[in-house]
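Read off the chains here:
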Amino acid sequence: MKFNNGDIIHGFRVTNLSHIQEVDSDAYLMQHERSGARLLYLANNDDNKVFFISFRTTPDNSKGTPHIMEHSTLCGSRKFPLKEPFVELAKGSLNTFLNAITWPDKTMYPIASRNDKDFHNLMDVYLDAVFYPDCLKNPQILMQEGWHYELDNVDAPLTYNGVVYNEMKGALSSPEAIMEDKAMEELFPDTTYGVESGGDPEVIPTLSFREFSEFHRRFYHPSNSYIYLYGDMDIDETLKFIDQEYLSHFDARNVYSAVKTQSPLPKRKIVEAPFGISENESLEKKTIHALYIALNDHIT
Ligand SMILES: [Zn+2]
């Protein structure tokens, strides 16, 4: 093992270590002492290096804030004030993976590359994007990525538009998606799983800029983050960079983002949800039935 329990490397204290045979890696759990960020490093000789930073984002409504934030952080930042750094990155980079993903309980920014310089650049762009995004200063980014009013001419009807607004209208138009959403809402009404983290187009237009910025302030803090490093890299340089450029500028704090357990679970019930079909489609054989069962957290 390269490090020992309790070692401090550029502000990161090693809190746990073990060899993981299945992935032929030495695993180190670390905590950044000043900012509270957690980090898992899997050391091995795979040259396809991976980095991600994730935040536990647990919304309590369906305004789509986690999803809109995920889009918006990638619309320019302090060091990279471009309109679309993400698109530029994808063009010029040697990455083997580059994405950003919103789940019902977390938001993740993963990258992978075989090239050291490229890996370093991508890490820099993503860390700058999540901690210092332009969308906190420029409300137009929320309008573009989230929602805005649209009026083609004075006589036209006033409509909503926006990247996530449109994306979710598409995503939630299939009967299966409506069914899944309804089931989650009924099974876990008091938890983050009962709301639509991607955003419900009916509710997205109620998201205000203040709420949006507040969401970032609350959840996008190192104390609420998990960083992951994998592969054959200069770990000393990498930790030094993450510490000096980013984490050392934040003080640890308590972030309330816990995932609540649904208790008690709702009683068995029958729920119906309608979905749309086109005008001349027949109603025959359009009904879909599904049975959902919520299992316990751990089965022994
Ligand atoms: Zn999206």
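This one's a predicted model, so the numbers in the text were calculated from it and none came from an experiment.

**Q** Provide a residue-level description of the overall build of the protein chain, including the pertinent values.
**A** When you go through the protein chain residue by residue, the secondary structure sums to eight helices and 11 strands. Across its three principal directions, the C-alpha atoms of the protein chain cover 65 × 55 × 35 Å. A burial count over the protein chain gives 43% of its 300 residues as buried. Surface summary for the protein chain: the accessible area is close to 16900 Å², and the carbon and sulfur share equals 51%. Of the charged side chains in the protein chain, 28 are positive and 45 negative; the average position of the first set lies 5 Å away from that of the second.

**Q** Describe in detail the nonpolar core, supporting the description with residues and values.
**A** In this structure, Met30, Tyr41, Phe51 and Leu229 are the most contacted members of the largest nonpolar core, which totals 56 residues. Ranked by residues supplied to this core, first place goes to helix 3 (residues 116–131) with nine residues. Setting aside its immediate chain neighbours within four residues, Met30 contacts Phe3, Ile9, Phe12, Arg13, Val14, Thr15, Ala37, Arg38, Leu39, Tyr41 and Leu239.

**Q** Quick rundown of the pairing of strand 3 (residues 25–32)? Include the residues and the values.
**A** Of all eight residues in strand 3, six are buried; the element is thus mostly enclosed. Of the pairings in the sheet, the one linking strand 2 (residues 12–20) to strand 3 comprises eight bridges and is antiparallel in character. Along strand 3, the bridge assignment pairs His19 with Asp26. The antiparallel pairing of strand 2 with strand 3 creates a hairpin that spans four residues between the two strands, and Asp24 there sits at a positive phi of about 45 degrees.

**Q** Describe the environment of Asp232, listing the residues and the values that go with them.
**A** Checked against the element boundaries, Asp232 lands in the loop between strand 11 (225–231) and helix 8 (235–245). The partly exposed category is assigned to Asp232, whose relative accessible area is 43%. As a C-alpha pair, Asp232 and Pro175 span 57 residues in sequence and 45 Å in three-dimensional space. Sequence-distant contacts of Asp232, defined by excluding residues within four places in its chain, comprise Asn44, Asn45, Asp46, Asp47 and Lys49.

**Q** Explain the packing of helix 1 (residues 65–73) against helix 7 (residues 209–219) to me, and be specific about the residues and the numbers.
**A** Relative orientation of the contacting elements helix 1 and helix 7 amounts to 80 degrees, with a least axis distance of 10 Å. In terms of orientation, helix 1 and helix 7 fall into the roughly perpendicular class. Residues Thr65, Pro66, Ile68, Met69 and Ser72 of helix 1 form the contact with helix 7, whose participating residues are Phe212, Phe215 and His216. Looking at the contact of helix 1 with helix 7, its residues break down into five nonpolar, three polar and no charged.

**Q** Hey, could you go over the coordination of the zinc ion for me, with residue numbers and the actual values?
**A** For the zinc ion, the full set of protein donor atoms is His67 (NE2), His71 (NE2), Glu167 (OE) and Glu167 (OE), at a range of 2.1 to 2.4 Å. For the zinc ion, the four donor atoms in the first shell make angles of 55 to 145 degrees at the metal, so the coordination geometry reads as irregular. For the zinc ion, the donor residues sit on a single chain with the sequence spacing H-x3-H-x95-E. Placement of the pair is His67 and His71 together in helix 1, with a separation of four residues, close to one helical turn.

**Q** If you had to explain the pairing of strand 2 to someone new, which residues and values would you point to?
**A** As defined by bridge partners, strand 1 (residues 8–9) adjoins strand 2 across two bridges and the pair is classed as antiparallel. Across the sheet, the residue bridging to Ile8 is Arg13, located in strand 2. Counted along the chain from strand 1 to the antiparallel partner strand 2, the turn is two residues long, and its residue His10 has a positive phi close to 45 degrees.

**Q** Describe the environment of Gln31, and please don't skip the residues or the numbers.
**A** Note on placement: Gln31 falls in strand 3. A residue is classified by how much of its surface remains accessible, and Gln31, at 33% relative accessible area, is partly exposed. What Gln31 contacts, discounting residues up to four positions off in sequence, is Gly11, Phe12, Arg13, Thr15, Gly36, Ala37 and Arg38. A distance of 3.1 Å separates a polar side-chain atom of Gln31 from the backbone oxygen of Gly36.

**Q** Explain a nonpolar patch on the surface to me, using residue names and the numbers behind them.
**A** Residues Tyr149, Leu151, Leu158 and Tyr160 make up a contiguous nonpolar surface patch of roughly 430 Å² in combined accessible area. Its location among the elements puts Leu151 in the loop between strand 9 (148–150) and strand 10 (159–161).

**Q** With reference to specific residues and values, describe the state of the cysteines.
**A** Two cysteines whose sulfur atoms are joined by a covalent bond form what is called a disulfide. With the rule as written, the count across this model stands at zero disulfides. The closest cysteine sulfur to the non-disulfide-bonded Cys135 is located on Cys75, 7.5 Å from its own sulfur. By relative accessible area, which is 0% here, Cys135 ends up buried.

Thresholds, definitions, all that
Residues numbered from 1 in each chain as written. Predicted model: local features only at pLDDT ≥ 70, side-chain atom pairs only at ≥ 80, totals over all residues. Heavy atoms only, no water. Helix = DSSP H or I, 4+ residues; strand = E, 2+ residues; numbered from the N terminus. Buried < 20%, exposed > 50% of the residue type's maximum accessible area, 1.4 Å probe, protein only. Areas by Shrake-Rupley, 256 points an atom, 1.4 Å probe, with all protein chains shown as cover. Lys, Arg positive; Asp, Glu negative; His and termini not counted. Charge placed at Lys NZ, Arg CZ, Asp CG, Glu CD. Core = buried A, V, L, I, M, F, W, Y, C linked by side-chain atoms within 4.5 Å. Contact = heavy atoms within 4.5 Å. Pairing = 2+ DSSP bridges. Axes fitted to C-alpha atoms, helices over the stretch in contact; angles between N-to-C directions. Parallel < 35°, antiparallel > 145°, perpendicular 65-115°, else oblique. Nonpolar A, V, L, I, M, F, W, Y, C, P; charged D, E, K, R; others polar. Donors = N, O, S within 2.8 Å, 3.2 Å for Na, K, Ca; no water. Tetrahedral: all angles 85-135°; square planar, octahedral: opposite > 155°, others 65-115°. Polar contact = N/O pair within 3.5 Å; in protein donor to acceptor, adjacent residues only side chain to side chain. Patch = residues over 30% accessible without salt bridge, like charges linked within 9 Å, V, L, I, M, F, W, Y side chains within 5 Å. Salt bridge = Lys/Arg side-chain N within 4 Å of Asp/Glu carboxyl O. Disulfide = S-S within 2.5 Å.

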